[in-house]
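Understanding the architecture of this molecule
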Amino acid sequence: MFGRELVRGVTCVLPLAFVNWLPATYLLGRPYPLHLPGWVAFASPLVAVAACALAGLAWRAGLRSYRSTGS
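Conventions and cut-offs
Residues numbered from 1 in each chain as written. Predicted model: local features only at pLDDT ≥ 70, side-chain atom pairs only at ≥ 80, totals over all residues. Heavy atoms only, no water. Helix = DSSP H or I, 4+ residues; strand = E, 2+ residues; numbered from the N terminus. Rg over C-alpha atoms; globule rule 2.2 N^0.38 Å. Buried < 20%, exposed > 50% of the residue type's maximum accessible area, 1.4 Å probe, protein only. Contact = heavy atoms within 4.5 Å. Areas by Shrake-Rupley, 256 points an atom, 1.4 Å probe, with all protein chains shown as cover. Core = buried A, V, L, I, M, F, W, Y, C linked by side-chain atoms within 4.5 Å. Expected span 1.5 Å × (residues − 1). pLDDT = per-residue confidence, 0-100. Phe/Tyr/Trp six-rings, centres within 6.5 Å; stacked < 30°, edge-to-face > 60°.

**Concerning the overall build of the protein chain**
Scanning the protein chain for helices and strands turns up 3 helices and 0 strands. Along the protein chain, helices (α) and strands (β) appear in the sequence α-α-α when read from the amino end. Whereas a compact globule of 71 residues would reach a radius of gyration of roughly 11 Å, the protein chain reaches 17 Å, over 25% beyond that. By the burial criterion, 18% of the 71 residues in the protein chain qualify as buried. Pairs at least 24 residues apart make up 32% of the contacts formed inside the protein chain by residues separated by at least 6 positions. Counting every atom, the protein chain has about 5,800 Å² of accessible surface; 70% of that belongs to carbon and sulfur.

**A closer look at the nonpolar core**
Of all hydrophobic cores here, the largest spans 7 residues; its members are Phe-18, Leu-22, Tyr-32, Val-40, Ala-41, Ala-43 and Val-47. Tyr-32 has contacts with Leu-22, Thr-25, Tyr-26, Pro-37, Gly-38, Val-40 and Ala-41, leaving out every residue within four places of it along the chain.

**Structural notes on helix H3 (residues 44-64)**
Here H3 contains 21 residues, and its C-alpha end-to-end distance of 30 Å stays within 8% of the 30 Å for a straight helix at 1.5 Å per residue. Counting buried residues in H3 gives 2 out of 21 residues, a small share hidden from the surface.

**Some remarks on the confidence of the model for the protein chain**
For the protein chain, the mean per-residue pLDDT works out to 81, and 90% of the residues sit at or above 70. At the low end of the mean pLDDT range in the protein chain sits helix H1 (residues 4-13), at 72; at the high end sits H3, at 88.

**Quick notes on the packing of aromatic side chains**
The tally for this structure, following the rule as stated, stands at 1 aromatic pair. Summarising the aromatic geometry, the rings of Tyr-26 and Phe-42 are spaced 4.9 Å apart at their centres and angled 70 degrees between planes, so their arrangement reads as edge-to-face. Within this pair, whereas Tyr-26 is found in helix H2 (residues 21-28), its partner Phe-42 is found in the loop between H2 and H3, the two being separated by 16 residues in sequence. On the accessibility criterion, Tyr-26 (44% relative accessible area) is partly exposed.

**Section: the environment of His-35**
Looking at where His-35 falls in the secondary structure, it is placed in the loop between H2 and H3. Given the relative accessible area of 67%, His-35 is considered exposed. Once the C-alpha coordinates of His-35 and Arg-60 are considered, the two residues, 25 residues apart in sequence, prove to be 36 Å apart.

Following this line, the structure appears as structure tokens:
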């Protein structure tokens, strides 16, 4: 249904597929289009923790380099 590039992007680059698409694929008994192992359907909490950690690092880097306008 979706293009291979879109599926690869939302699975590996921006992990949106871990929220609902991979678990739903497991529950519906459908094959994974990227030939992923079956355990990835249960990796959503781990991916969420990793994404939050990366967002926190980006936030801290932004705060360190922030310069006020002085007004």
